[in-house]
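Descriptive structure summary
Residue-level listing of the chains:
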Amino acid sequence: MTSWLLTFAVHSTLWCGLAWLSLRLFPAVRARLRETVWYMALAASLITPTAHALISPNSAIWRIPVPSLIAGGEHGPEGEPGHGDGAVSVSLLTREEAHGEDDAASASWVASAGVLWLVLAGGLLALHFVRLGRLRGRLRDREPVTDPRATDALAALGGAAALNPPPRLTESHNLGSPVALGVGTRREICVPVRALHELDEEELRALLGHEVAHHLRRDTIRLSVLHVLQAVFFFQPLLRLAVGDVRLAAEELCDDWAASHAGDHFTMASCLTEVAQWVVRRDRHSPVPCIGRRRSQLELRVRRLMTGNRSLQTPSGPWRHVSVAGLLILAPLFAPAVAPGADRSHEERRALEGAWPQERGEAGEHELRERRERSPGVGARSPTSTTTQGEEK
């Protein structure tokens, strides 16, 4: 698992870094394409480490070697010393013991890193659920809305979005900005009580249309998944940047949908301007889709609606889906393989094994020469025997 996390850290830095760089080079990209780019980067960050864990690292185009201590790799049987005579076993015994100690230290380091990751990730996940619990506690006083202006507008917008059943509409005194809650048959839109008194009919329709768009896009589920990823992979700071940009793109897309069903962009801009005055500090860390988390982002969205800025067009739906699927399939081929490099001690042991047969051969020749000198009759003819044979002839 530690090896997979290391590969994820490298791959997520690559894909999220490329996404960030491409969006900075082309700042006029529309919100839908920005969102698609970030989702592709996040999906590739999860797919490529998993693919490399299932296939051989040699199949990758390029490779990033890391020390085996960091990667948690172990040396296999390849390169282990063979069974020669007792001399080589004694000479390599100390090296094998030291190598075993290194493996034990590596296993201990990997176990400690895994435990630390589990503790921190579990703590951040718990913090996310604590925020959800606090939000539910704030909304305990919410009551169903009976204002016919709001209920009629919500019914019309729910029909336009084909949401069956339409979201339930409630109001709360402890809320500074409207939020979208729940999924499926438990969809709900909760608005501040002042929204029903301070917004005119068109602005109220725009506000409800924005929250209906969140349910239409299933942003309640998407945002929950993004929060879980951000908590689990807390060691990747680019995920925080990705989640923030994805949330902003989602808000802009919901603004566009609401503006198209409210009449014009100026009505939606007027609604956001009014909501900006209601935002409280507790809304900044809302764990659910919220129309106004930060006033600075609201100002950017109002300016975008007022100027009617139209940026680069996105491809049609089928082509976009095919291109995204194709890029994700090819991503493992271009992602680097993160694998342990050769250990210096391992290389020294291999070099010693390679040099031993040569030393052993030289020692054998020297020993044979000494035996011949001590025993001339063995393996060689003495000068006396040679002379006697000549005289007989």
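Attention in this report is confined to the structure presented alongside it.

What counts, and at which threshold
Residues numbered from 1 in each chain as written. Predicted model: local features only at pLDDT ≥ 70, side-chain atom pairs only at ≥ 80, totals over all residues. Heavy atoms only, no water. Core = buried A, V, L, I, M, F, W, Y, C linked by side-chain atoms within 4.5 Å. Buried < 20%, exposed > 50% of the residue type's maximum accessible area, 1.4 Å probe, protein only. Helix = DSSP H or I, 4+ residues; strand = E, 2+ residues; numbered from the N terminus. Contact = heavy atoms within 4.5 Å. 1 Å grid on protein atoms, 1.4 Å probe; cavity = no way out; pocket = protein on both sides within 12 Å on 5 of 7 lines; lining within 4 Å. Points joined across faces, edges and corners; volume = space filled by probe spheres on them. Nonpolar A, V, L, I, M, F, W, Y, C, P; charged D, E, K, R; others polar. Pairing = 2+ DSSP bridges. Axes fitted to C-alpha atoms, helices over the stretch in contact; angles between N-to-C directions. Patch = residues over 30% accessible without salt bridge, like charges linked within 9 Å, V, L, I, M, F, W, Y side chains within 5 Å. Areas by Shrake-Rupley, 256 points an atom, 1.4 Å probe, with all protein chains shown as cover. Salt bridge = Lys/Arg side-chain N within 4 Å of Asp/Glu carboxyl O. Lys, Arg positive; Asp, Glu negative; His and termini not counted. Charge placed at Lys NZ, Arg CZ, Asp CG, Glu CD. Polar contact = N/O pair within 3.5 Å; in protein donor to acceptor, adjacent residues only side chain to side chain.

Quick look at the nonpolar core now. By size, the foremost hydrophobic cluster in this structure holds 36 residues, and its most contacted members are Leu169, Leu207, Leu208, Val212 and Met268. With 6 residues, helix 7 (residues 201-216) is the largest single contributor of residues to this core. Those residues in contact with Leu169, other than ones at most four positions away along the chain, are Glu143, Pro144, Val145, Ala150, Thr151, Leu154, Ile189, Val191 and Leu208. Core analysis: the second largest hydrophobic core is formed by 26 residues, Ala41, Val232, Val243 and Val246 among them.

The next point concerns empty space enclosed by the protein. Considering all chains together, one arrives at 3 cavities of 30 Å³ or more under this definition. Its volume calculated, the largest cavity comes out at about 110 Å³. Lining the largest cavity we find 13 residues, and of these Asp219, Leu223, Val246, Arg247 and Ala250 sit closest to its centre. Elements represented by at least two residues in the lining of the largest cavity include exactly helix 2 (31-54), helix 8 (219-232) and helix 9 (237-262). Taken together, the residues that form the lining of the largest cavity break down as 6 nonpolar, 1 polar and 6 charged.

As a further point, take the sheet that holds strand 4 (residues 179-181). Taken in spatial order, the 4 strands line up as 2-3-5-4 in an open sheet, and their pairing is mixed. Each edge of the open sheet carries a strand with a single partner, namely strand 2 (143-144) and strand 4. In this sheet, strand 3 (residues 168-172) lies alongside strand 2 in antiparallel orientation, the contact comprising 2 bridges. Residue pairing across strands places Pro144 opposite Thr170, the latter belonging to strand 3. Packed onto the sheet, helix 7 meets strand 3, strand 4 and strand 5 (188-192) and runs at close to 150° relative to strand 5.

Let us look at a positive patch on the surface. Together, Arg131, Arg134, Arg240, Arg281, Arg284, Arg294 and Arg295 make up a region of like positive charge exposed at the surface. If you trace the backbone, Arg134 turns up in helix 4 (residues 86-138). The exposure class assigned to Arg134 is exposed, which follows from its relative accessible area of 60%.

Time to look at the side chain of His11. Locating His11 in the fold gives a position in helix 1 (residues 2-25). With relative accessibility at 0%, the residue His11 sits in the buried group. Residues within four places of His11 in sequence aside, it is in contact with Ser45, Thr48, Pro49, His52, Ala335 and Pro336.

Here we take up the side chain of Arg138. Inspection of the secondary structure assignment puts Arg138 in helix 4. Arg138 sits in the buried class, given a relative accessible area of 14%. Of note is the side chain of Arg138, whose polar atom sits 3.0 Å from the backbone oxygen of Asn174. Not counting the four nearest positions on each side in its chain, Arg138 is found in contact with Ser172, Asn174, Leu175, Gly176, Arg282 and Asp283.

What follows is about the pairing of strand 5. Along strand 5, 5 of the 5 residues are buried, which leaves the element largely enclosed by surrounding structure. With burial as the criterion, each face of strand 5 is covered, one bearing Glu188, Cys190 and Pro192 and the other bearing Ile189 and Val191. Bridge analysis of strand 3 against strand 5 gives 5 bridges, and the strand direction is parallel. In the strand pairing of strand 5, Ser172 is matched with Pro192. Between strand 4 and the antiparallel strand that follows it, strand 5, lie 6 residues; Gly182 among them carries a positive phi value of about 75°.

Remember, this is a structural readout, not a statement about activity or role.
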